[in-house]
Structure formats: C-alpha cells, structure tokens
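Structural features, examined
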Amino acid sequence: MSVVPYKEQNASKKEQVAQMFDNVSPKYDFLNHLLSGGIDILWRKKAVKLLRKAQPKTILDIATGTGDFAIEALALKPEKIVGVDISEGMLSFGREKIKKLGVESIIELQKGDSERLNFEDNTFDAVIVSFGVRNFENLEKGLTDMCRVMKKDGTCIVLEFSKPSAFPFKQLYNFYFKYILPVVGKIVSKDTSAYTYLHDSVQAFPDGNDFIQVFQRAGFNRTQCLPLTFGISTIYIGRK
C-alpha cells in the first residue's frame with residue numbers, strides 16, 4: 001500500500017499529493033529553507049553543477065513546484081527550461097518568482113502529470129527533479145516517461161531524500177524528522193498531515209541501490225549514486 005498524505009480519504013495518491021501541495025504552497029519555500037537550515041539550496045547547486053559538462057540547451061524540470069530547481073538551472077545558460085507540476089498552487093508562486101527575475105522567456109511552468117508527460121519522445125537534453133519522484137503514484141512509470149522524453153545521450157539528475165545509516169547521526173536525524181519537523185510544519189503550514197507524510201514517504205522510498213535498480217529498469221544507464229550530508233539526501237545520475 002502506497003504512502004499517502006490523507007489516510008482518511010479515498011482519493012488516489014496523485015490527487016492527494018496535488019491537494020497537499022496546494023494547501024502548503026503559501027508557506028512551502030519558507031518551510032523548505034527553515035526546516036533544512038538552507039542546505040536544500042546547496043544540494044540543488046551541487047546537482048546543477050553535475051550538468052555543466054553536458055551543457056544542456058533544453059531542460060525539463062519534473063515536479064517543479066515553485067520553480068527553485070528550474071531557477072538554479074539558469075546557471076547552465078540553457079535556451080529553454082520547462083517545469084511541470086500537478087499543483088496549480090505551487091505553480092502560481094513559481095510564476096511570480098520567475099516574473100520577478102524577468103526570465104519568463106527562458107523558464108515556462110506548466111500544469112501536468114509527471115507520470116504522463118505531454119511531450120514528444122527525445123525532446124530534452126536533460127531532465128531534472130528535486131524531491132519529487134518520492135511523490136509519484138507509480139515510481140517506475142514516472143521514471144520511464146522521463147527517460148522517454150529525454151534525448152539519446154541526455155542526462156537525468158534526481159535529487160531526493162534518503163535515509164542516513166551511520167550512528168549517531170541516523171538516530172538524531174530520525175528523531176528530528178519524525179518528531180520535530182512535522183510539528184513545526186503543521187504549525188506554519190496549517191496542514192495537519194503534509195509534514196507527517198514527508199517523514200513517512202521518505203521511510204518508504206527505495207533509496208540508494210534500491211532506487212538505482214528501478215532507475216535502470218526505467219531505461220537509464222551509466223547510473224551513479226552520490227549521497228549528500230551524511231546520507232540525508234542523494235543525487236542520482238542516469239543517462240540514456
């Protein structure tokens with residue numbers, strides 16, 4: 001049984017995730033940086049640097065949310081970045097940020113299903129996603145569609161939470177993630193379930209080599225796994 005934000009509802013995981021992000025969108029960026037101590041910004045910068053050598057001209061940002069990863073990818077000087085997300089609430093905040101930066105001609109945000117992408121095969125030089133694949137209803141299906149829309153020899157970068165394994169960091173992290181983060185998230189976002197779901201979804205997610213196996217089944221090769229910050233998050237790299 002898949003982990004969902006609102007266990008009392010009968011709606012699909014996809015519908016519940018969209019509702020959850022609509023609910024938390026006004027406070028999402030603030031909470032992201034607060035609860036991670038701003039380290040999520042450094043993780044995205046590192047992930048983008050891994051694409052420098054490839055110099056992608058067209059980039060697809062999956063589960064773009066408020067567009068942070070897409071904005072970070074501007075450092076690569078691409079011709080076009082398209083961000084896709086199922087939450088109109090998140091996208092509306094993202095569009096405001098992009099408008100303020102004056103980069104509407106480069107970054108375009110679209111509402112769409114990341115597991116059923118509305119693009120032709122072999123469209124993008126690179127596909128990127130930060131903290132989004134964990135929310136897929138069907139992980140392998142979503143990754144397979146990401147591979148489909150990426151050009152041959154293209155690069156896919158997945159940044160996702162993972163589970164630390166070393167003592168004592170594992171124990172400290174688990175306490176914070178299970179007991180502190182959900183309480184702060186609930187108070188600030190006013191959503192009673194979103195940040196409990198965050199903990200539960202990370203625990204259920206197949207990280208490390210388990211994710212690499214799914215990644216490869218989806219069509220990616222020359223895969224790599226780069227743990228960050230004692231294993232709190234991981235960058236996965238795959239090519240087509």
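Look up a bit, the structure's there.
Small disclaimer: the values here were computed from a predicted structure and weren't measured. Throughout, residues of each chain are indexed from 1 in the direction in which the sequence is written. Local features in this predicted model are restricted to residues whose pLDDT is 70 or higher, and side-chain atom pairs enter the listing and the counts only when it is 80 or higher, whereas totals over whole chains, interfaces and linings include all residues. Side-chain measures here rest on the full set of heavy atoms in the structure, leaving out hydrogens and waters.

So, the overall build of the protein chain
Numbered from the N terminus, helices here are DSSP runs of H or I no shorter than four residues, and strands are runs of E no shorter than two. Along the protein chain, the regular secondary structure elements total nine helices and seven strands. Values of the radius of gyration come from C-alpha atoms, whereas the globule rule sets the reference at 2.2 Å times the count of residues to the power 0.38. A compact globule built from 240 residues would reach a C-alpha radius of gyration of about 18 Å, and the protein chain, at 17 Å, matches this within 12%. By its C-alpha atoms, the protein chain is 45 × 35 × 35 Å across when sized along the principal axes. Exposure classes here rest on a 1.4 Å probe applied to the protein chains alone. A residue is buried below 20% of its type maximum, exposed above 50%, and partly exposed in between. For the protein chain, the proportion of its 240 residues judged to be buried stands at 52%. Any two residues whose heavy atoms approach within 4.5 Å at even a single point are treated as in contact. Considering only contacts within the protein chain whose residues lie at least 6 apart along the sequence, 71% involve residues at least 24 apart. On the protein chain, roughly 11,400 Å² of surface is accessible, and the fraction owed to carbon and sulfur atoms is 55%. With residues, only the protein chains shown are counted as cover, and all accessible areas are computed by Shrake-Rupley using a 1.4 Å probe.

Quick notes on the sheet that holds strand β6 (residues 221–228)
Strand pairing is assigned whenever DSSP detects at least two bridges linking the two strands. A sheet is described by the order of its strands in space; here seven strands give the open sequence β3-β2-β1-β4-β5-β7-β6, paired in mixed fashion. Of all strands in the sheet, those bounded by a partner on one side alone are β3 (107–111) and β6. Ignoring which end each strand starts from, the neighbouring axes of this sheet average 15 degrees apart. As defined by bridge partners, strand β5 (residues 150–161) adjoins strand β7 (residues 233–239) across seven bridges and the pair is classed as antiparallel. Across the sheet, Ile 157 pairs through a bridge with Ile 237, a residue of β7. Simply put, an axis is a line fit to the C-alpha atoms, just over the touching stretch for a helix, and the angle between two N-to-C directions goes from 0 to 180 degrees.

Quick look at the side chain of Ser 87
Mapping Ser 87 onto the fold places it in the loop between β2 (80–85) and α5 (88–101). Exposure remark for Ser 87: the relative accessible area of 0% places this residue in the buried category. For Ser 87, the contacting residues outside a window of four places in its chain are Ala 18, Phe 21 and Asp 22.

Brief notes about the pattern of salt bridges
Salt bridge, as applied in this entry: a Lys or Arg side-chain nitrogen positioned within 4 Å of an Asp or Glu carboxyl oxygen. Here the structure, examined in full by the defined rule, presents 17 salt bridges. The salt bridge involving Glu 115 is made with Lys 14; its shortest N-O contact spans 4.0 Å. Of the two residues, Glu 115 is situated in the loop between β3 and β4 (124–130) and Lys 14 in helix α1 (residues 13–24); the sequence distance between them amounts to 101 residues. Of the two residues, Glu 115 and Lys 14, neither departs from the other in class, the shared state being buried. For Arg 95, the salt bridge goes to Glu 88, with nearest N and O atoms at 2.7 Å. Connected through salt bridges with shared partners, the residues Lys 14, Asp 113, Glu 115 and Arg 116 form a single ionic network.

Focus: the nonpolar core
Here, nonpolar core refers to any group of buried Ala, Val, Leu, Ile, Met, Phe, Trp, Tyr and Cys residues whose side-chain atoms link them within 4.5 Å. In this structure, Ile 107, Ile 157 and Tyr 195 are the most contacted members of the largest nonpolar core, which totals 44 residues. If sequence neighbours within four positions are ignored, Tyr 195 has contacts with Val 24, Tyr 28, Leu 31, Leu 35, Leu 181, Pro 182, Gly 185 and Ser 189. Among the nonpolar cores identified, the runner-up in size contains 27 residues, and Leu 117, Val 127, Met 146 and Val 158 belong to it.

Notes on the pairing of β4
The buried count for β4 comes to six of seven residues, which makes it a mostly enclosed element. Relative to β4, strand β1 (residues 58–62) runs parallel, the two being bridged by four bridges. When the bridges of β4 are listed, Ile 62 appears paired with Val 129. With six bridges joining them, β4 and β5 adopt parallel strand pairing.

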